[in-house]
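The primary structure of each chain is shown beneath.
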Amino acid sequence: MDGEGKKGEIYELKAELNSDKRDRRKEAVKKVIASMTVGKDVSQLFPDVINCMQTDNLELKKLVYLYLMNYAKTQPEMAILAVNTFAKDCNDPNPLIRALAVRTMGCIRVDKITEHLCEPLRKCLKDEDPYVRKTAAVCVAKLYDINQQLVDDQGFLDMLRDLLSDSNPMVVANAVAALSEISEQSPQIKIFDLNGPTVNKLLTALNECTEWGQVFILDAIANYSPRDDKDAQSICERITPRLAHANSAVVLSAVKVLMKFLELIDQNSEFVENLYRKLAPPLVTLLSTEPEIQYVALRNINLIVQKRSDILKNEMKVFFVKYNDPIYVKLEKLDIMIRLTNATNIAQVLAELKEYATEVDVDFVRKAVRAIGRCAIKVEQAAERCVSTLIDLIQTKVNYVVQEAIIVIKDIFRKYPNKYESIIATLCENLDSLDEPEARASMIWIVGEYAERIDNADELLEGFLDGFKDENNQVQLQLLTAIVKLFLKKPTETPQELVTRVLTVVTQETDNPDLRDRGYIYWRLLSTDPKAAKEVILAEKPLISEETDLLEPTLLDELICHIGTLASVYHKPPNTFVEGRFATKKNLPLRSGVNNNDSDNMGNGVQSPNYQQQVVINNNVGSLIDDFDILGPMPNTSSQGIDIFSQTQQQQQQRAPSAIPNLLDDELSSILGIDSNMGNNSTSNMNTNTSIPPNRANTSGGNLLDDLFGDLNLSSGAPGISFSNNNTFAMPKEVWLSAPKGKGLEVTGTFARRNNQIFMEMDFTNKALQAMNDFALQINRNSFGLTPTQPLHVPSPLFPNQTVSAQLVLNNTGPITKIDPLTNLQVAIKNNLDVFYLNCIVPIHVYFVNDGEMDKMTFVQTWHDIPESNEVRHQLQNAYDLSIDDLQNKLRLNNIHTITRTTIEQKEMLYQTIKLTNGIFILIELKITPGNRTIALERKFPAAQGAIRCVRYNIDGTYCLTSGSDRTIKLWRPDSSLAIKTYTGHSQEVLDVHSSFDNSRLCSGGVDKRVLYIDVMSGKIMKKYQAHAGRVQAVRFNEEASIIYSASIDGTVKIWDVKSRDYDPIQVLDDAKDSVTSISLGNNELLTTSLDQRVRIYDIRYGKLYEDYIGHNLTYINISHDQQCFLVGTLSSQMMLFDKINGKLLQTFVDYTNNTYMIENALSNDDQFIYSGSEDGRLICWNLLTAEQICAVEHEVDNRKSVNTLSHHPKDEKLLTAQEGNIYIWRKTDEIIEEKPEIKKSFITEKKINPPKFVSGGFE
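- With an unreviewed UniProt entry as reference, the chain is termed AP complex subunit beta, source organism Adineta steineri.
- Per UniProt, the chain carries the Subcellular location (unreviewed entry) text "Endomembrane system".
- Taken verbatim from the UniProt record of the chain, the Sequence similarities (unreviewed entry) comment is "Belongs to the adaptor complexes large subunit family."

Here's what the structure looks like:
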């Protein structure tokens, strides 16, 4: 039945194609193109489609030409029938048709048509219309790729060079692009001969070209060798205006030319100094773009700074890290900061680095601490200040900070021997906290190097020796050397058995050859010639260099020639990551003189092809290949082995122009009527109504896109779902071949995408009674061309009840045949028993490639071009209540790229793209609708503290603190209602309490005007500050818990240094004209509220004060988690949300009571909901975006007493509140709310967040 249906469809299309009515023929051709786009074989209609070429309708002609390009190779005899029409179209009065004809003929890689292309191409190269000439220029490059000899014989290269003098700049740009492409293919032939007059013509056309034309011309000029110094200066002056271009590619191409030509100009001249000043602003401007472009710019700036640091020597501030920079931008900025550091700016840099070392991002903090050490090594005048900063960081006792500091201090000791050894005692105090190999090795090196200054050095090293076998190799080597150093420096004080013990362990009980050999050498030296041992082991060490990560000079010069390309981002020459093409090595021109022989090399070196060794499957695959014939015959094999890649490589060679992206190939966008200036992404539509395997039918709904989103699940991790190291999604393994069907062999497997490669992961289990061997695997033709890159390797023999794992890397270069369903993969597995055939479904997300991001304009145009019939809708469940940012990041990790994000009618909208391995794009509209939230009680318990004035979660939510009218503070385990400890010291009510980041200290304030600093473990009052004139209403630690902020009714905020011996505040903020009611800390900011109706924002880093007049008496302030907004409570029964940057009122929240007391508020962890107590005994929740009150619950039915204090759990969706003397804990779960989808247009569908709901936890 299926075959008859397909035959009927082809028959109907054939009839319509031969219809007398032009409209029916046009619609029929559209249907044929649509079928061809989704992979259907419509080659049978070739003669009928060719008959439609004879038309004056431009749209129909474009469609027919598109069909012809696709099928001409498979129907070469029929394609020759179109030659006459091509020839006729090349003489058409319409220049669009002339250009279309010559472009299409250039894309048809059929020899017989290529022969007939010469004459039309020659005419078009001399056409009066510039559009035709620029199209013909590109066609020459395509023809050269097909038949180089033909292009040479017909003189097309000379005609192409003549186009460099064309009056139209776009023709010149295309000619340059074509000649450059041809030069790369034939580097041994002098094709693109740049000379002075030619370069002058290119510079003239440069000003009027499109941006990509300018890039082509600038790249060509970069390969020119100027005649002399004046010629280089003249070219630089004419290129300098390109630095102000809006396109970053043009800017970087201009920078590349200038950096190359600077080598030929006198470095002490005024021209170079002026050029430096002109180069800095455009590079700085690139850092105000999107993070991705910033990163590319920073990688290029890194090269420029290494080559010529004077260009950006005065621009240090632009490389200071912003709080919202992505981590990859932060790390690159940090590296450039160190390269620009010198004696004049070291103080500024060091202050910045010390600030970075207190950030929350662990990786960034580590890099910042190491950067401080690099500054000490680079700038000797600042070394002492850097060491002091590192000691301060060690005192914080933050584990990873301490370990990084010790690592860099070891390098400082090597750079400045016998200068800073006084800090060794401080370092030794942290021995027990070191758990990272590099830190432990550094500390052991310090102990061994300065053993004569450490009294108990032998005890310290002996402590490390106890766990010697469990240590890392790096630590073991350092420990061996340190103990021998100790013995040589203090032979009388060091126990000899310590040395004997370590030498015995390393020579007799270790498998590490390096460690064992070093042990034998030391033993031989000590036993034969102790004096020689001392000279060798205690020899003076060379000083370490200032910068150890600089690129090798010749490599740096080569990368400068590749600025603006991938090589400048990878910091690797192109031949290390580009395969299959000649690798051109470029070098900067010699500064000692100008190479006048520019016609020989154009600034390039010698090219050498890269060869890739073929992989061959062994003899035992022969029977597998012979037997495996599910869809058709497979390649023949020989008895001596099968070259499984021969056919694939031939196909790659035949498909080379389309397999490798080429900026010159704009034929698809032109034929579809898309302006090529919109971008070089060509978009196809895909029909996704396909079937799925039975074991997934109940979850995916019979649709590939359903399967995709059902698989992704968008949860933070569910049972059976796995994520790789980069957090990309992988399905759990399924049974592909059961033991009964496999004669005892069971195969389970899955597919995953990692590092932009597709992996087929399998487990082979032998459930038979005999061993199995000689395993091999073959994949049949499939819809996406998946094929293995290497043979299957299964350890043989596979014994009974044994399970082994195997992994295959797949690529998509194999033969393509449409299979139903599209993602089905037919696999044959052979062993010594039999050949087994199985089907497995490849999850659709495995085909998502990482270069599927469109620019916004292309996305918008494509979105509007997609017909309604191509839309698919699907509703997703956000079971883990992920935020919009979490959703966006999780999808991005799986190559689903967000193009733009907006809010429509209080609903977050994400517009995204997916690109499949076959080049098909999928466009997505993702709609997130905030849901309702209800609250119910989980736990209630009495605190026995009188009236509770304050409740606070600790930093991770494991514990909570309460303070009460009975003058005590209590530490609780809230999930078990267990009171752990009670703290005393206040003489009156305690109004506020706060815990440090490491839970080791508390600070509190109360009616007795005191601020107490308390040790958590012992309950001891470490410090007692008495400097306020009225009750203390709020207290807070800073992030490092080294500073306490206290706010008082006396109108001041006082700042206390808990590490100082002084009991006076280090600063008093007395700007308020009335009582300061609350404080909140942001990133380097302190926010306060006061009854003088003002919010004050103190910028701690820059010492600035910003005031906002609110017009209401203010009681409490909270800053949002994204640091963009702040929420204030007032005594007029309303809360207000303001933009922190411009002070704009964003939202007002009402319908609660607050006229007398200070009522606290809180924001949910994702900043979507706002909570507050009320004077009528309710806990209330609002939606932040809409200000709609979601729910309000009473603490007690018969109790209307005020709920003043609450605290939101820092990680979970839990709330802590208090009413009178009781503590209440609330939590939420999810509730699905039905809502009618509202989508204007989408290719996949919307996605919706399930609204959370608070329910009772079932505690008595």
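### Observations regarding the overall build of the chain
Consideration 1: Scanning the chain for helices and strands turns up 41 helices and 45 strands.
Consideration 2: For the chain, buried positions account for 53% of its 1260 residues.
Consideration 3: Across the chain, contacts joining residues at least 24 apart in sequence account for 60% of those joining residues at least 6 apart.
Consideration 4: Summing over all exposed atoms, the chain offers an accessible surface of approximately 55,800 Å²; the carbon and sulfur share of this is 47%.

### With respect to unusual backbone geometry
Consideration 1: Cis geometry is found at the peptide bond from S796 to P797, where omega equals -5 degrees.
Consideration 2: Considering the arrangement of structural elements, one finds P797 in the loop between β9 (787-788) and β10 (803-811).
Consideration 3: A cis amide bond, omega 0 degrees, links D820 with the succeeding residue P821.
Consideration 4: Considering the arrangement of structural elements, one finds P821 in the loop between β10 and β11 (824-830).
Consideration 5: Positive phi, close to 55 degrees, is recorded for K743, a residue that is not glycine.
Consideration 6: Tracing the backbone shows K743 in the loop between β5 (734-737) and β6 (745-754).
Consideration 7: A positive phi angle is found at S977, which is not glycine, with a value near 60 degrees.
Consideration 8: For S977, the position within the fold is in the loop between β19 (969-973) and β20 (978-983).
Consideration 9: By relative accessible area, which is 23% here, S977 ends up partly exposed.

### Details of the UniProt feature "repeat: WD" (unreviewed entry) in the chain
Consideration 1: With numbering matched to this structure, UniProt assigns "repeat: WD" (unreviewed entry) to residues 941-982 and 1025-1060.
Consideration 2: For residues 1025-1060, the end-to-end C-alpha separation is 12 Å, with 0% helix and 50% strand making up the annotated structure.

### A closer look at the nonpolar core
Consideration 1: In terms of nonpolar packing, the biggest core is built from 211 residues, with Y67, L121, L353 and F413 touching the most fellow members.
Consideration 2: In terms of residues, this core owes the most to one element, helix α27 (residues 473-489), which gives ten residues.
Consideration 3: Excluding anything up to four places from it in sequence, F413 contacts Y420, E421, I423, I424, L427, W445, I446 and Y450.

### Some details on the sheet that holds strand β24 (residues 1021-1025)
Consideration 1: The antiparallel open sheet is built from four strands, whose spatial order is β21-β22-β23-β24. The sheet is open, and its two edges are formed by β21 (990-995) and β24, each paired on a single side. Each adjacent strand pair in this sheet contributes to an overall mean axis angle of 15 degrees, direction not counted.
Consideration 2: Looking at chain direction, strand β22 (residues 1001-1006) and strand β23 (residues 1011-1015) are connected through five bridges and run antiparallel. Paired with C1003 across the strands is Y1013, a residue of β23.

### Section: the pattern of salt bridges
Consideration 1: Taken as a whole and assessed by the stated rule, the structure comprises 44 salt bridges.
Consideration 2: For E332, the salt bridge goes to R299, with nearest N and O atoms at 3.2 Å. Note that E332 is positioned in helix α19 (residues 327-340) and R299 in helix α18 (residues 291-307), a separation of 33 residues in sequence. Neither E332 nor R299 differs from the other in exposure class; each is buried.
Consideration 3: Because the salt bridges share partners, they merge into one network encompassing R366, R370, E404, E436 and E438.

### Brief notes about the sheet that holds strand β15 (residues 921-928)
Consideration 1: Ordered in space as β13-β14-β15, the three strands form an open sheet in which the pairing is antiparallel. Bordering the open sheet on either side are β13 (897-904) and β15, each of which pairs with just one other strand. With strand direction ignored, the average angle separating the axes of adjacent strands in the sheet is 20 degrees.
Consideration 2: Pairing between β13 and strand β14 (residues 907-915): seven bridges, direction antiparallel. Opposite H897, over in β14, you have T913 as the bridge partner.

### Regarding the pairing of β10
Consideration 1: The pairing of strand β7 (residues 757-766) with β10 spans eight bridges and is antiparallel. Along β10, the bridge assignment pairs I758 with L810.
Consideration 2: The pairing of β9 with β10 spans two bridges and is antiparallel. Bridged to T787 within β10 is N811.

### Regarding the packing of aromatic side chains
Consideration 1: In the structure shown here, the tally under the stated rule is 19 aromatic pairs.
Consideration 2: Ring-pair connections join several aromatic residues into one group, and the members of that group are F413, W445 and Y450.
Consideration 3: In this structure, K330 is placed above the aromatic ring of F364, and the distance from its NZ or CZ to the ring centre is 5.2 Å.
Consideration 4: Between the NZ or CZ atom of K419 and the centre of the ring of Y416, over which it lies, the distance is 5.4 Å.

The rules behind these values
Residues numbered from 1 in each chain as written. Predicted model: local features only at pLDDT ≥ 70, side-chain atom pairs only at ≥ 80, totals over all residues. Heavy atoms only, no water. UniProt positions renumbered as here; feature names shortened; annotations may be inferred. Helix = DSSP H or I, 4+ residues; strand = E, 2+ residues; numbered from the N terminus. Buried < 20%, exposed > 50% of the residue type's maximum accessible area, 1.4 Å probe, protein only. Contact = heavy atoms within 4.5 Å. Areas by Shrake-Rupley, 256 points an atom, 1.4 Å probe, with all protein chains shown as cover. Core = buried A, V, L, I, M, F, W, Y, C linked by side-chain atoms within 4.5 Å. Pairing = 2+ DSSP bridges. Axes fitted to C-alpha atoms, helices over the stretch in contact; angles between N-to-C directions. Salt bridge = Lys/Arg side-chain N within 4 Å of Asp/Glu carboxyl O. Phe/Tyr/Trp six-rings, centres within 6.5 Å; stacked < 30°, edge-to-face > 60°. Lys NZ or Arg CZ within 6 Å of the ring centre and 35° of its normal.

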